[in-house]
Amino acid sequence: QVVLVESGGGLVQAGGSLRLSCAASGLTFSTATMGWFRQAPGKVREFVAGISWSGTSTLYADSVKGRFTISRDNAKNTVYLQMDSLKPEDTAVYYCAASRIKLVLTQRSAYNYWGQGTQVTVSS
């Protein structure tokens, strides 16, 4: 019943920006910790960013810190990932995920629900 749908992916040149959105249904969204993960071909799915229930706590992977910003709008049941200064190494399928755990964690196992992903491609 829980469905997460990502959107906003696409093809951009290095240095450009994209904003990903994740719309949630079937969730008590305001009490869910939300996260973004990404996976490139042949690579493990890795944590990118997470945000607490209230939106006051955020956590970022070192590889994206200072370039990406996670935010949420509980009234719209939507979480966002603003990606600036994109690099070719950011190319991956980006997945939205939801957790019932209050702490923002990086482990894939901490997240109960997953979207289908949206492709982000950064050209050099």
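Computed from a predicted model, the values in this text were never measured in an experiment.

(A) Fine view of the overall build of the protein. Of regular secondary structure, the protein possesses zero helices and 11 strands. Seen through its principal axes, the protein has C-alpha atoms that stretch 40 × 30 × 25 Å. Taking all 124 residues of the protein together, 40% fall into the buried category. Put simply, 59% of the contacts in the protein that link residues at least 6 apart link residues at least 24 apart. Surface accessibility of the protein: about 6300 Å² in total, with carbon and sulfur atoms responsible for 49%. Where the 12 positive side-chain charges of the protein centre and where its 7 negative ones centre are 6 Å apart.

(B) Looking closely at the pattern of salt bridges. All told, the structure shown has four salt bridges when counted by the stated rule. In this structure, Arg-38 and Asp-90 form a salt bridge, with 2.9 Å as the shortest nitrogen-oxygen distance. Within this pair, whereas Arg-38 is found in strand β4 (residues 33-39), its partner Asp-90 is found in the loop between β8 (78-83) and β9 (92-99), the two being separated by 52 residues in sequence. Here the two residues Arg-38 and Asp-90 agree in accessibility, since each one is buried. Of the charged contacts in the structure, one is a salt bridge between Arg-67 and Asp-90, with a shortest N-O distance of 2.8 Å. With Arg-67 in the loop between β6 (58-60) and β7 (68-73) and Asp-90 in the loop between β8 and β9, this residue pair connects regions lying 23 residues apart in the sequence.

(C) Quick look at the nonpolar core. By size, the foremost hydrophobic cluster in this structure holds 28 residues, and its most contacted members are Met-34, Trp-36, Val-79, Leu-81, Met-83 and Tyr-94. Not counting residues up to four positions away in its chain, the partners in contact with Tyr-94 are Glu-6, Leu-20, Trp-36, Phe-37, Arg-38, Val-48, Phe-68, Leu-81, Met-83, Gly-117, Thr-118 and Val-120. Phe-47, Ala-97, Ala-110 and Tyr-111 belong to the second largest nonpolar core, which has six residues in total.

(D) Local environment of the packing of aromatic side chains. Enumeration over the complete set of coordinates arrives at four aromatic pairs. What links up through ring pairs into an aromatic cluster is the set Phe-37, Phe-47, Tyr-111 and Trp-114. The lysine or arginine in question, Arg-45, covers the ring of Tyr-95, its NZ or CZ lying 3.6 Å from the ring centre.

(E) Molecular detail of the environment of Ser-7. Within the secondary structure, Ser-7 is located in strand β1 (residues 3-7). In this structure the C-alpha to C-alpha distance between Ser-7 and Ala-97, which are 90 residues apart in sequence, comes to 13 Å. If sequence neighbours within four positions are ignored, Ser-7 has contacts with Arg-19, Leu-20, Ser-21 and Thr-118.

(F) View of the environment of Ser-52. Looking at the element boundaries, Ser-52 is found in the loop between β5 (46-51) and β6. For the pair formed by Ser-52 and Ser-30, sequence separation is 22 residues and the distance between their alpha carbons is 9.3 Å. Every residue in contact with Ser-52, bar those within four places of it in the chain, is listed here: Thr-33, Ser-57, Arg-72, Lys-102 and Val-104.

What counts as what
- Residues numbered from 1 in each chain as written.
- Predicted model: local features only at pLDDT ≥ 70, side-chain atom pairs only at ≥ 80, totals over all residues.
- Heavy atoms only, no water.
- Helix = DSSP H or I, 4+ residues; strand = E, 2+ residues; numbered from the N terminus.
- Buried < 20%, exposed > 50% of the residue type's maximum accessible area, 1.4 Å probe, protein only.
- Contact = heavy atoms within 4.5 Å.
- Areas by Shrake-Rupley, 256 points an atom, 1.4 Å probe, with all protein chains shown as cover.
- Lys, Arg positive; Asp, Glu negative; His and termini not counted.
- Charge placed at Lys NZ, Arg CZ, Asp CG, Glu CD.
- Salt bridge = Lys/Arg side-chain N within 4 Å of Asp/Glu carboxyl O.
- Core = buried A, V, L, I, M, F, W, Y, C linked by side-chain atoms within 4.5 Å.
- Phe/Tyr/Trp six-rings, centres within 6.5 Å; stacked < 30°, edge-to-face > 60°.
- Lys NZ or Arg CZ within 6 Å of the ring centre and 35° of its normal.

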